[in-house]
Amino acid sequence: MKNKELETQNEIQETGFLNGSLGRRSFLQYAGASAAGIALVAAGCKKDRGYNDINMGATLDFKDDFGVLNYAYALEQLEAAFYVKVASAPPSTFTTAQKAYFQDIQFHEIAHREFFKNALGTSAIGSLEVDFSSIDFTSSTSVLATAQAFEDLGVAAYNGAGVRITTTDYLVLAGKIVSVEARHAAYIRDLIANGSFSDLNSLTALGANNAGGLDAALTPDKVLAIAGKYIKTKINVINL
């Protein structure tokens, strides 16, 4: 699994993703934020963050923007791990088009994950250990249902965390990423039930407001409680 993911990352770095249209370096530039700049500031504040105590799991300290960035990094790790596994061995019933689209989504999620990892530098939380034992990766029904759950939750997570971001550049970056996650969610939903991409009523449990035309939004504690099913690493949350 690790070797396969490493090969995928190398391929992205060498040939770009989305059929070579946007490599990782280009993505970082397009994102509109300086990874080096973020890492420099984050490193300077590392002493009082406590993100990397392996004996205590991963700690997300929401006292400032870097806590939110690490929160996003944790979720992108989860999504990337899922899509890498699906793309490496898709269900036999997947069509050629579905296989291609899941490859594209995989590349997006890896790019998101690597952006946050590089931007945070030494202040990034460690690699999370995932638990996908509840997913049947040979079943298209199971894979699609999980993909929908991850994408819907991802959109709600970014929307819910936006209010905690105080730096404009980071907020712009989050907006760019959440719009991509919403595209994923719409595509997956239409694969399951054609025309259901805009069904906000089905997302009220995640905070959507159909009458107001507003997508879902959840606070980090609620998101992590849901995502915890798929994460073995203990996640500690402080200053929420």
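Residues numbered from 1 in each chain as written. Predicted model: local features only at pLDDT ≥ 70, side-chain atom pairs only at ≥ 80, totals over all residues. Heavy atoms only, no water.

### Description of the pattern of salt bridges
Inference 1: In the structure shown here, the tally under the stated rule is three salt bridges.
Inference 2: Close ionic contact of Arg113 with Glu114 constitutes a salt bridge, the shortest N to O distance being 2.9 Å.
Inference 3: Arg113 sits in the buried class, given a relative accessible area of 7%.
Inference 4: Judged by its relative accessible area of 8%, Glu114 falls in the buried class.
Inference 5: The shortest N-O distance in the salt bridge between Glu129 and Lys232 comes to 3.6 Å. (Salt bridge = Lys/Arg side-chain N within 4 Å of Asp/Glu carboxyl O. Buried < 20%, exposed > 50% of the residue type's maximum accessible area, 1.4 Å probe, protein only.)

### Thoughts on helix H7 (residues 168-192)
The α-helix advances 3.6 residues per turn, and as a result positions three or four apart in sequence lie on the same side.
Inference 1: Counted at 1.5 Å a residue, the expected span for H7 with its 25 residues is 36 Å, and the 36 Å between its end C-alpha atoms agrees.
Inference 2: Among all positions in H7, only Tyr170, Leu173, Ala174, Ile177, Val178, Glu181, His184, Ala185, Ile188 and Arg189 are buried. (Helix = DSSP H or I, 4+ residues; strand = E, 2+ residues; numbered from the N terminus. Expected span 1.5 Å × (residues − 1).)

### Considerations on the packing of aromatic side chains
Inference 1: Enumeration according to the criterion identifies 14 aromatic pairs in this entry.
Inference 2: Plain terms: the ring middles of Tyr101 and Tyr187 are 4.7 Å apart, the flat faces sit at 45° to each other, and that makes the pair tilted. Taken together, the positions of Tyr101 in helix H5 (residues 96-120) and Tyr187 in helix H7 put the pair 86 residues apart, joining distant regions of the chain.
Inference 3: When the centroid spacing of 6.4 Å and the interplanar angle of 50° are considered together, the rings of Phe132 and Phe150 count as tilted. Of this pair, Phe132 sits in the loop between H5 and helix H6 (140-161) while Phe150 sits in helix H6, and the two are 18 residues apart along the sequence.
Inference 4: Overall, Phe150 belongs to the buried group, its relative accessible area being 5%.
Inference 5: By the ring-pair criterion, three or more aromatic residues cluster together here, those being Phe82, Tyr83, Phe94, Phe102, Phe132, Phe137, Phe150 and Tyr230.
Inference 6: It is Lys85 that lies over the ring of Phe137; its NZ or CZ is 5.1 Å from the centre. (Phe/Tyr/Trp six-rings, centres within 6.5 Å; stacked < 30°, edge-to-face > 60°. Lys NZ or Arg CZ within 6 Å of the ring centre and 35° of its normal.)

All we've got here are geometric facts, nothing functional implied.
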